[in-house]
Amino acid sequence: MSMDPILNYLDKNRDRHVEQLCDWLRIPSISSVSEHNEDTKRAAVFVADELRELGLHVEVIETEGHPLVYAETEQRDDRRTLLFYGHYDVQPVDPLDLWDSPPFEPVIKDGIIYARGGSDDKGQLYTHVKALEAYLKTGTELPVNVKFIIEGEEECGGPAIYKYVEAHPDKLACDAVVISDTSLYDEDTPAICYSLKGLAYMEINLRGPGADLHSGSFGGTVQNPGNAICEIVAKLKDEHGVVLIPGFYDDVLPVDDTEKEAFASLNYRDEVLCKDTGASGPFGEKGYTTLERMWARPTCDVNGLWSGYSGEGAKTIIPSLAGAKVSMRLVPNQDPKTIAKLFEAYVKDIAPEGVEVTVIDHHGANPVMVPRDSEMMEAGMRAMEKGFGKRPVFIREGGSIPIVGTFQSSLKQPVLLLGYGLPNDNIHSPNEKFHLENYFNGIKTTAWMFREATRSHV
Ligand code: BES
Ligand code: MN
Ligand code: MN
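Note that this is a predicted model, so its numbers are computed, not measured.

1. Observations concerning the state of the cysteines
Then step 1. Considering all chains together, one arrives at 0 disulfides under this definition.
Then step 2. In this structure C300 is a free cysteine whose sulfur lies 15 Å from that of C230, the closest cysteine sulfur available.

Dropping the structure here:
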């Protein structure tokens, strides 16, 4: 089978493929903000309609939260099946004033598209749709059966997709799950990700006096929740970046020598870290390199911290309340539920007297590791090599894609994380971007993936 018709088609249709992506990006599908519920639904319908027009059988599945989209091509027994996953929801956009152009009015500058969702994940997910379009519109016979399961609650931790995957393993049966929601290693180096971190996200609330008090009248006589939250946070980690929660590291798979060497051979430079983050230098757990910390060591970080008065000028009070949100990024084989329990017990144990402590366990995610030696992984490597013109390297990621663990346990097939973003795409931040070259190469990679996944190519 020649790929020429497909590749020619993709070349000729580049501009339209960009315009259509922009149309999708204009829909503000922020899943965590309820005033955007209708927009979020519109983003689901947008991709569902397009897949239906391509001739797929499509279902928009209503849930208690945002809809799921399931779609499939004709399923033939003599072909392998690829299940594509992605998410059409996006993160909130604040702080809005730090955006150079409005988040839902895509702008293209120097071959880069700027918009919320450009890289995470509409732009990446759309590569799957456009690759499929190229086969169907050129009348090229599809070498595999294709299925899509697309969700709208990835960014807000909604439960719909877990329930669905666990309830429909037969419907979603496949030979591999393909996901594009991660990044290349750098601008010149395509990558396949084989491990994602998990997550335990906690909130601590402290209550002290019944109301804010005059800090002169009552200071020094009762516990101050603002001071208390600082004492607690200060005991989460020591000065070497080591997490102090008892049992926290018990289930951590150590980075073995082979992996250490593999990481080292990528020659990660801390200047890149400084440039990508705006930080003055690296910081983290002593005894580990930046990549080891980023990819293979668990973390514990304050995400938000509040108490008392932070407005203009001085206001002399002892605050009544204080709190913190803390994320712990987990690595195989840590379990988010176990870690959440250890966290709660520790916080209650170290909390100073005079404050009432409540700990909330927000959504979590299991860490995942996928085998690097499957036949399908080989196919993914070849597809990416053809799409990007360079053999990919193996990477891990510090981020989480919560459903991946459920795909592994329910479908029992390899999960391929073929990422087309860049580590500095500003996902979840102002000025999110997606490089058009990576978009086009991503579409080509997916188009090759359909072919490389067939038996005749192993
Ligand atoms: N696409 C990201 C995951 C990701 C982040 C992959 C960085 C590679 C690099 C995903 O959309 C995401 O943001 N996940 C959340 C999950 C959380 C809300 C449970 C995350 O990691 O914070
Ligand atoms: Mn994502
Ligand atoms: Mn995200």
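Alright, that's what it looks like, and here's the rest.
2. Some words on the sheet that holds strand β13 (residues 321-330)
Then step 1. With antiparallel pairing, 4 strands are arranged side by side in an open sheet as β11-β13-β9-β14. What marks the edges here is a single partner per strand, and that holds for β11 (301-307) and β14 (356-365). Geometrically, the sheet is characterised by an average inter-axis angle of 10° between neighbouring strands, direction not taken into account.

3. Quick notes on the environment of G198
Then step 1. If you trace the backbone, G198 turns up in strand β9 (residues 198-207).
Then step 2. With relative accessibility at 0%, the residue G198 sits in the buried group.
Then step 3. As for G198 and R329, which are separated by 131 residues in sequence, their C-alpha atoms are 5.5 Å apart.
Then step 4. When sequence neighbours within four positions are dropped, the list of residues in contact with G198 reads M328, R329, L330, A365, N366, P367 and S400.

4. A short note on the packing of helix α1 (residues 4-12) against helix α2 (residues 14-25)
Then step 1. Running from amino to carboxyl end, α1 crosses α2 at an angle of 60°, the nearest separation of the two axes being 4 Å. Within the contact between the two elements, α1 uses Y9, L10, D11 and K12 and α2 uses R14, R16 and H17.
Then step 2. Split into classes, the residues belonging to the contact of α1 with α2 amount to 2 nonpolar, 1 polar and 4 charged.

5. Digging into the domain arrangement of the chain
Then step 1. Considered domain by domain, the chain is made up of domain 1 (4-196 + 367-455) and domain 2 (198-252 + 298-365).
Then step 2. Taken together, the contact pairs 13 residues of domain 1 with 11 residues of domain 2.
Then step 3. Carbon and sulfur atoms make up 61% of the area that domain 1 and domain 2 hide from each other, which totals about 690 Å².
Then step 4. Linking domain 1 with domain 2 are 0 salt bridges, by the criterion used here.
Then step 5. Seen at the junction of domain 1 and domain 2, the total is 1 residue pair in polar contact (both at pLDDT 80 or more).
Then step 6. At the level of elements, β8 (191-196) and β15 (368-369) are the ones that each hand at least two residues to the side of domain 1 that touches domain 2.

6. A few points about the coordination of the manganese ion (ligand 3)
Then step 1. Ligation of the manganese ion (ligand 3) by protein atoms is provided by D120 (OD), E155 (OE), E155 (OE) and H428 (NE2), these donors lying 2.1 to 2.6 Å from the ion.
Then step 2. Taken together, the 6 donor atoms coordinating the manganese ion (ligand 3) and their angles of 54 to 154° define a geometry best described as irregular.
Then step 3. For the manganese ion (ligand 3), the single-chain donor residues occur in sequence as D-x34-E-x272-H.
Then step 4. Between the manganese ion (ligand 3) and the manganese ion (ligand 2), both coordinated by D120, there is a metal-metal distance of 3.6 Å. Remark: H428 occurs in the loop between β17 (415-418) and β18 (433-435) and E155 occurs in the loop between β6 (145-151) and α5 (160-167); sequence separation between them is 273 residues.

7. Notes on α2
Then step 1. End to end, α2 covers 17 Å across 12 residues, agreeing with the expected 16 Å (1.5 Å per residue, within 8%).
Then step 2. Among all positions in α2, only H17, V18, L21, C22, W24 and L25 are buried. Projected onto a plane normal to the axis of α2, the buried residues spread over an arc of 160° and lie on a single side. Away from its buried face by more than 90 degrees, α2 exposes D15 and E19.

8. What to know about the pattern of salt bridges
Then step 1. Applying the stated rule across the entire model yields 27 salt bridges.
Then step 2. A salt bridge links E203 to K325; the shortest N-O distance between them is 2.8 Å. Highlighted residues: E203 in strand β9 and K325 in strand β13, separated in sequence by 122 residues.
Then step 3. Measuring nitrogen to oxygen at the nearest pair gives 2.9 Å for the salt bridge that ties E259 to R396. Taken together, the residues E259 in helix α7 (residues 257-264) and R396 in strand β16 (residues 393-396) connect sequence positions 137 residues apart. For the pair shown, E259 and R396 are each scored as buried.
Then step 4. Beyond isolated ion pairs, a larger network of salt bridges with shared partners links R16, E50, K130 and E133.

9. Thoughts on the sheet that holds β18
Then step 1. Spatially, the 3 strands line up as an open sheet ordered β4-β5-β18, and their pairing is antiparallel. Since the sheet does not close on itself, it has two edges, and those belong to β4 (107-109) and β18, each with one partner. Between one strand and the next, the sheet's axes are offset by a mean angle of 25°, whatever the strand orientation.
Then step 2. Where β4 and strand β5 (residues 112-114) come together, 3 bridges link them in antiparallel fashion.

10. Regarding a negative patch on the surface
Then step 1. A contiguous patch of negative charge on the surface is contributed by D186, E187, D188 and E437.
Then step 2. Mapped onto the fold, D186 is located in the loop between β7 (176-179) and β8.
Then step 3. The class of D186 is partly exposed, set by a relative accessible area of 31%.

11. Some words on the coordination of the manganese ion (ligand 2)
Then step 1. Taken together, the protein donors to the manganese ion (ligand 2) comprise H87 (NE2), D120 (OD), D181 (OD) and D181 (OD), at separations of 2.0 to 2.4 Å.
Then step 2. Coordination geometry of the manganese ion (ligand 2): the 6 donor atoms subtend angles of 57 to 168° at the metal centre, consistent with an arrangement described as irregular.
Then step 3. Sequence spacing of the donor residues for the manganese ion (ligand 2), all on one chain, is H-x32-D-x60-D.

12. Re helix α12 (residues 403-411)
Then step 1. For α12, the buried fraction is high: 7 of the 9 residues fall into the buried class.
Then step 2. What α12 keeps buried is the set I403, V404, G405, T406, F407, S410 and L411.
Then step 3. After α12 finishes, the residue K412 shows a positive phi value of roughly 55°.

13. Comments concerning the nonpolar core
Then step 1. Formed by 96 residues in total, the largest nonpolar core has its most connected members in L51, F148, F407 and F450.
Then step 2. Per element, the largest residue contribution to this core is 8 residues, and it comes from helix α13 (residues 436-452).
Then step 3. When sequence neighbours within four positions are dropped, the list of residues in contact with F148 reads L51, L56, V69, Y70, A71, L83, F84, H128, V129 and L132.
Then step 4. Membership of the second largest hydrophobic core comes to 27 residues, among which are I204, I232, A322 and I339.

Rules of the game
- Residues numbered from 1 in each chain as written.
- Chains lettered and ligands numbered in written order.
- Predicted model: local features only at pLDDT ≥ 70, side-chain atom pairs only at ≥ 80, totals over all residues.
- Heavy atoms only, no water.
- Disulfide = S-S within 2.5 Å.
- Pairing = 2+ DSSP bridges.
- Helix = DSSP H or I, 4+ residues; strand = E, 2+ residues; numbered from the N terminus.
- Axes fitted to C-alpha atoms, helices over the stretch in contact; angles between N-to-C directions.
- Buried < 20%, exposed > 50% of the residue type's maximum accessible area, 1.4 Å probe, protein only.
- Contact = heavy atoms within 4.5 Å.
- Nonpolar A, V, L, I, M, F, W, Y, C, P; charged D, E, K, R; others polar.
- Domains from an automatic or database assignment.
- Buried area = accessible area lost by both parts, 1.4 Å probe.
- Salt bridge = Lys/Arg side-chain N within 4 Å of Asp/Glu carboxyl O.
- Polar contact = N/O pair within 3.5 Å; in protein donor to acceptor, adjacent residues only side chain to side chain.
- Donors = N, O, S within 2.8 Å, 3.2 Å for Na, K, Ca; no water.
- Tetrahedral: all angles 85-135°; square planar, octahedral: opposite > 155°, others 65-115°.
- Expected span 1.5 Å × (residues − 1).
- Arc of directions from axis to C-beta.
- Patch = residues over 30% accessible without salt bridge, like charges linked within 9 Å, V, L, I, M, F, W, Y side chains within 5 Å.
- Areas by Shrake-Rupley, 256 points an atom, 1.4 Å probe, with all protein chains shown as cover.
- Lys, Arg positive; Asp, Glu negative; His and termini not counted.
- Charge placed at Lys NZ, Arg CZ, Asp CG, Glu CD.
- Core = buried A, V, L, I, M, F, W, Y, C linked by side-chain atoms within 4.5 Å.

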